[in-house]
Amino acid sequence: MQLLSSSSDFALQPTVPRAQPTAQAAAQVAEHDAAEVVIATKLFVPNPREAPIARPRLQEQLHEVLDTLLTLVVAPAGWGKSTLIAHWLHQGNLTAGWVSLDRADDDIMRFWRYLVLAAGHAGGGVGAAALHRLDGAGADVERDVLPAFVNELAAVPGDVVVVLDDYHLVTNPVVHASIVALLEHAPPQLHLVLGTRSDRRCR
Ligand SMILES: Nc1ncnc2c1ncn2[C@@H]1O[C@H](COP(=O)(O)OP(=O)(O)OP(=O)(O)O)[C@@H](O)[C@H]1O
Ligand SMILES: [Mg+2]
């Protein structure tokens, strides 16, 4: 596990540029016919600023994401976590899944729906089987969804990078436990990046 923490000072701008949809992301969400409506914009990778102040040390550290199962990007509010990760993806021309988490994602089924959809955006056609399980009557994430998801990831030829941003908003121990279970079973293709203001719940 890798811990990155932001420490350099820079001038903060009042607004974050609007996220842009990728054609693939928007189409996949539109096609996703499930009981729960998904907010497509939560799955967009934020557009990085045009000329962000360079943070070479942190950018360099992020290269290790592809060698690591779990990367934590930890810093207080407004220190540039989302910008850093989005800029790194943009610079490396990397296709990744992204979820901008909110308080409503403390629900295990909802959290996993966004996680699986994001993984699908990362490429490789991952997620159909896991979503099918998620929508099954009486579905249980660890029993039904997680195994299907892991098996789909294991069959993908390349890396699957998924960013879960604002993970500090997740407080439900059941959700945390499901991430631990995923990490225990994840194949080497998966690279999870958690952007969070606190790593207290990740230890
Ligand atoms: N490298 C940078 N150069 C210039 N401005 C930056 C840089 N990084 C972040 N900013 C600006 O600082 C503000 C906060 O950045 P950002 O949203 O990435 O922070 P954050 O750590 O993700 O915050 P939060 O915890 O609220 O999600 C934004 O307006 C962003 O444009
Ligand atoms: Mg952020």
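Going by the structure above, here's the rest.
Source: prediction; values computed, not measured.

Novice: Mind showing me how you'd approach the overall build of the chain here?
Specialist: Looking only at helices and strands, one finds 7 helices and 5 strands in the chain. The secondary structure elements of the chain, listed N-terminal to C-terminal, are β-α-α-β-α-β-α-α-α-β-α-β. When the 203 residues of the chain are sorted by exposure, 36% land in the buried category. In the chain, the share of contacts with a sequence separation of at least 24, taken over all contacts with a separation of at least 6, comes to 80%.

Novice: When you look at the pairing of strand S4 (residues 160-165) in this model, what are you seeing that I'm missing?
Specialist: Both faces of the sheet carry side chains from a regular strand, because those side chains alternate between them. Among the 6 residues that make up S4, 6 are buried, leaving the element largely enclosed by the rest of the structure. Side-chain alternation along S4 places Val 160, Val 162 and Leu 164 on one buried face and Val 161, Val 163 and Asp 165 on a second face that is also buried. In the sheet, strand S3 (residues 96-100) pairs with S4 via 5 bridges, with the strands oriented parallel. Each bridged residue has a counterpart across the sheet, and for Trp 98 the counterpart in S4 is Val 163. When S4 meets strand S5 (residues 190-196), the two strands line up parallel, connected through 6 bridges. Of the residues in S5, the one forming a bridge with Val 161 is His 191.

Novice: Even after reading the chapter, I still don't get the packing of helix H6 (residues 141-154) against helix H7 (residues 173-185), so can you show me in this structure?
Specialist: Helix-helix packing: each pair is described by the crossing angle between the helix axes and the interaxial distance. One way to put it is that H6 packs onto H7 with a least axis distance of 11 Å and a crossing angle of 40°. By the angle class used here, H6 and H7 are oblique. The handedness of the crossing between H6 and H7 is right-handed. For the pair H6 and H7, the contacting residues are Val 141, Glu 142, Leu 146 and Val 150 in the first and Ser 178, Ala 181, Leu 182 and His 185 in the second. The residue makeup of the contact of H6 with H7, split by class, is 5 nonpolar, 2 polar and 1 charged.

Novice: Can you help me understand unusual backbone geometry in this one?
Specialist: What you tend to see is this: most non-glycine residues have negative phi, and most peptide bonds are trans. The phi torsion at Asn 93 lies on the positive side, around 50°, for a residue other than glycine. Tracing the chain through its elements places Asn 93 in the loop between helix H3 (81-91) and S3.

Conventions used here
- Residues numbered from 1 in each chain as written.
- Chains lettered and ligands numbered in written order.
- Predicted model: local features only at pLDDT ≥ 70, side-chain atom pairs only at ≥ 80, totals over all residues.
- Helix = DSSP H or I, 4+ residues; strand = E, 2+ residues; numbered from the N terminus.
- Buried ≥ 20, exposed ≤ 12 C-beta atoms within 10 Å, placed from the backbone.
- Contact = placed C-beta atoms within 7 Å.
- Pairing = 2+ DSSP bridges.
- Axes fitted to C-alpha atoms, helices over the stretch in contact; angles between N-to-C directions.
- Parallel < 35°, antiparallel > 145°, perpendicular 65-115°, else oblique.
- Left-handed = near helix turned anticlockwise from the far one by under 90°.
- Nonpolar A, V, L, I, M, F, W, Y, C, P; charged D, E, K, R; others polar.

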